[in-house]
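One letter stands for each residue in the lines below.
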Amino acid sequence: MAVNGTITTAGAAYLSQRISAMANVTIDHFVMANVPGIDETTEADPNFVLAEEYIVATAPVYRLAHNGENSVVYSMVLDGEEGDYDFNWYGLVTNTGVVLAFANIPQVAKRASVGQVINRNFILPFTAAKALTGADIPSESWQFDFTETIAEVTVSLLGPRYVYTGGTYTYQFTDWDDFSTYSVFSDVGVVTLGNAEMTLDIPSNTTAEECLVTVIRNGSARVLTIRVGDPVVAQPTLIAPVDGAPNIAETPTLTMSPFKTFPPDTDTQLSADWELYDANDNLVLSSYDDTVSLSAFTIPEGVLTEGGYGYKWRGRQNGQVLGNSEWSELSIFTTKDQFAYNSAPTLIAPLSGSTDIALQPMLTISGYSVTPAGFDAVDAVQFQLYSDSGLENLVWDSGVLTSGFTSVQVGVELAIGQEYYWVARHRGSSIGWTGFSVPWSFVTREAELPQGVFSADLYFGNLSGVQINNGIDFAGKDGMLWIKQRDNPNAHALYDTIRGPLYRLRTPGASAHAGVVGGLESFNADGFTLGGNVGETNQNGVKHVAWSFRKAVGFFDVFEFEGDGATDRALSHGLGKEVGAYIVKRIDGASDFWLWHRAVSKKDSGGYRGLKLNDAAGLSTYYLGDSDPTNTELFVSGDSNVLGARYIVYVFAHDPSPSGIIQCGGGGAYQRQDLGWRPQFIFQAGTNGSNGDRQLIDDARGIGPSGEAILMANQTGYETTDQDAILEVDGTGFKPNAGGPTIFIAIREPIPV
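The structure displayed is predicted, hence computed values, not measured ones.

A.B. asks: Describe the pairing of strand 26 (residues 310–319), naming the residues involved and giving the relevant values.
C.D. replies: Strand 26 sits mainly inside the fold: seven of its ten residues count as buried. Examined bridge by bridge, strand 23 (residues 269–278) and strand 26 share nine bridges and lie antiparallel to one another. Looking at the pairing, Asp-273 lines up with Arg-316 of strand 26. For strand 26 and strand 28 (residues 331–335), the ladder comprises four bridges, and the chain directions are antiparallel. Across the sheet, the residue bridging to Gly-310 is Thr-334, located in strand 28.

A.B. asks: Describe the confidence of the model for the protein chain, and please don't skip the residues or the numbers.
C.D. replies: Averaged over all residues, the pLDDT of the protein chain equals 88, while 93% of them reach at least 70. Predicted confidence in the protein chain is weakest over strand 9 (residues 146–150), with a mean pLDDT of 34, and strongest over strand 55 (residues 646–654), with 98. A low-confidence stretch, residues 141–153 stays under pLDDT 50, and its non-local contacts, those more than four residues away or across chains, total 50 contacts.

A.B. asks: Got a sec to walk through the pairing of strand 34 (residues 378–386)? Specific residues and values, please.
C.D. replies: Within a regular strand, the side chains alternate between the two sheet faces. Of all nine residues in strand 34, seven are buried, a share of seventy percent or more. Pairing geometry for strand 34 and strand 37 (residues 419–428), over eight bridges, is antiparallel. Residue pairing across strands places Val-381 opposite His-426, the latter belonging to strand 37. Summarising the sheet, strand 34 and strand 35 (residues 394–397) pair through three bridges and their orientation is antiparallel. When the bridges of strand 35 are listed, Gln-384 appears paired with Asp-397.

A.B. asks: Go over the packing of aromatic side chains, please, and point to the residues and values.
C.D. replies: Summed over all chains, the structure comprises 29 aromatic pairs. Aromatic side chains Phe-474 and Phe-523 sit 5.1 Å apart centroid to centroid with 70° between the ring planes, which places their arrangement in the edge-to-face category. Of this pair, Phe-474 sits in the loop between strand 41 (466–469) and strand 42 (479–485) while Phe-523 sits in strand 46 (residues 520–524), placing them 49 residues apart in sequence. Note on Tyr-582 and Trp-596: the rings are 5.5 Å apart at their centroids and 15° apart in plane angle, and the pair reads as stacked. Of this pair, Tyr-582 sits in strand 51 (residues 578–586) while Trp-596 sits in strand 52 (residues 594–597); the two residues are 14 residues apart in sequence, bridging distant segments of the chain. Summarising the burial analysis for this pair, Tyr-582 and Trp-596 share the class buried. Ring pairing ties together the aromatic residues Phe-454, Trp-482, Trp-547, Phe-549, Phe-555, Phe-556, Tyr-650, Phe-652 and Phe-681, which thus form one cluster. For Arg-314, the ring lying beneath its charged end belongs to Trp-327, and the centroid distance is 4.1 Å. One Lys or Arg, Arg-425, reaches over the ring of Trp-433 and ends 4.0 Å from the middle of that ring.

A.B. asks: Report on the pattern of salt bridges, specifying residues and quantitative values.
C.D. replies: Once their charged atoms are close, side chains differing in charge can pair, the charge on each being opposite to the other. Under the defined criterion, the tally for this structure stands at 25 salt bridges. Taking the shortest distance from any N to any O, the salt bridge between Arg-504 and Glu-536 comes out at 3.0 Å. Placement of Arg-504 in strand 44 (residues 503–507) and of Glu-536 in the loop between strand 47 (527–530) and strand 48 (543–550) is noted, with a sequence separation of 32 residues between them. Between Arg-701 and Glu-719 there is a salt bridge, with the nearest N and O atoms lying 2.8 Å from each other. One end of the pair, Arg-701, is in the loop between strand 59 (694–698) and strand 60 (708–712); the other, Glu-719, is in the loop between strand 60 and strand 61 (720–723), and 18 residues separate them in sequence. Exposure class is identical for Arg-701 and Glu-719. Each is buried. Through salt bridges that share partners, Glu-413, Glu-448, Lys-477 and Arg-550 make up one connected network.

Basis of the calculations
- Residues numbered from 1 in each chain as written.
- Predicted model: local features only at pLDDT ≥ 70, side-chain atom pairs only at ≥ 80, totals over all residues.
- Heavy atoms only, no water.
- Buried < 20%, exposed > 50% of the residue type's maximum accessible area, 1.4 Å probe, protein only.
- Helix = DSSP H or I, 4+ residues; strand = E, 2+ residues; numbered from the N terminus.
- Pairing = 2+ DSSP bridges.
- pLDDT = per-residue confidence, 0-100.
- Contact = heavy atoms within 4.5 Å.
- Phe/Tyr/Trp six-rings, centres within 6.5 Å; stacked < 30°, edge-to-face > 60°.
- Lys NZ or Arg CZ within 6 Å of the ring centre and 35° of its normal.
- Salt bridge = Lys/Arg side-chain N within 4 Å of Asp/Glu carboxyl O.

Next comes the structure, spelled out in structure tokens:
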């Protein structure tokens, strides 16, 4: 029957990619179509794209066999139940959905329930077809049908001509006739007949070398001869280097086909044997009973000789039960005129196992290494960072860098307190890539650097606007900005990225937030921008201070929520650490700034739940939750959770660990606070009402024995100076000048890097 077939353009690209990578070629199914205007005389166009509406049926691959090393045969069987449809086109589809090849054929009418069985075969030639498809059975063992003439009638069976002891085998009648009478017999094992299918069971203890199956159709008999053998491990096929390969480097990897058995899956691989001979058939290297190099073996340095020397190699595979396969055929290769190779770089820093590493560290490796020295020059480097020791979860890839061949800064911010694994490789301009280095690990620091999440900035107001570049990323992360005039009596202004730069809260006072055009113009990736001569934020000629708090695990969080009226409602936060303090403020109506603090607000503190930020009053049963916060939740009630009201929450962590950068504590009169580090910012407040001003003190305006510049969150007044609010401050803590109980929030000074 005449056909006109071709490999498609997409199929050719697929085969090229798979052959170059020596990767498996997998055909998933056949597809049949009725394409208007074509027949067997129509030239097959490699660029033809099959329209979905032309498809009439699909069918699985029934059998796969090889016609030598570079050709395979795929077969399909359409049984008597398939139909009704017509088709004049059929093709092969890969497991990735690519139509690999197709053929234009005469119109075929497939009808169901009339005993019509159709068998079609597709021969596909390409390089290394047998190895890449895993076709272990020669096509002559089944592809050429059993065809005999019985009283002028042809009987055709599709099935294996070689079977194995202990197996069950199925044969399809491809010309089954529902109007004929059939019976079957076998001199070995048991044969049964079911409609158009014959099943042959071969006993495991038979010693017969062949099985004679008799098929009787309408009284006429024919005998089919089927060979019988014991299960065996298949002889492997050598894949790489290909036979006759030239210019092989000093340490090539020899590769053979994966372990197979006849019949399939009757054993598992135990080991492999490898042999390497020189051109004079002298054995120069062997590895027997190798349980590691099961299908790939790398020749070590010092075995091969450069200068175009010839070598032969072979391999075999050993099963747990079936024993050894036959040795593969010998394959030949010749070496390069001169061996030259490059080596993976050595990792230098961070040292493997190191801790407290920056969140965007610099990775450093050794220079390019090539043998012989000077043979090649480096032209690229690549770094990769993973979150697991198996190097499966890629966190960051530098890509191919063509400069800076020994170091790079990680291009993403890593997680706090996380272990990471990194590798690197060089590329030579002539030799190409080295392998990746042996991975090293490091653990990032347990907390952010203070200078990355907090800043106190001083500026003079002007008419044109102010841009503050302080290293705080408000564009990529959320945060809060707190501004106060220092030499002018005006309210504190609080902004945050959740509500956006337009909306301002004021303390003291209890009013809802308000839109202020031109006050804060934008949150930036490196700070913020203010409009000119506007209110509390940038009044011309007035001194200001701005405190920036960036959201970070173990430091600060900010979020908005809508009240639902529930008592002791749980709200999720992102600190991942103990809550030191939190402030809740209603933004769509009047309310105080409710302040919860761990030193005085816990259940064991006498039932008093908090303070007000905007008022100097002492502890009271203010409306915060009845439960103590956890590392993931905090709680609100009453006026801090009115049904339908909107609120903003500012949350401060308490982290007394050595790498912590914020602590929230309290104590009695004049009680020293040991932090383990020097503070750059202190918020402190009395809790008994008599010394309750909410004081804001920072290094930018001065902390020390000569007095502090103090602003108060509960007052609009001028900055007061030379007050001894802090009696002493040093590298491990501070001592407040307070005659009664106080609370504090302290932020660590910058850490040199």
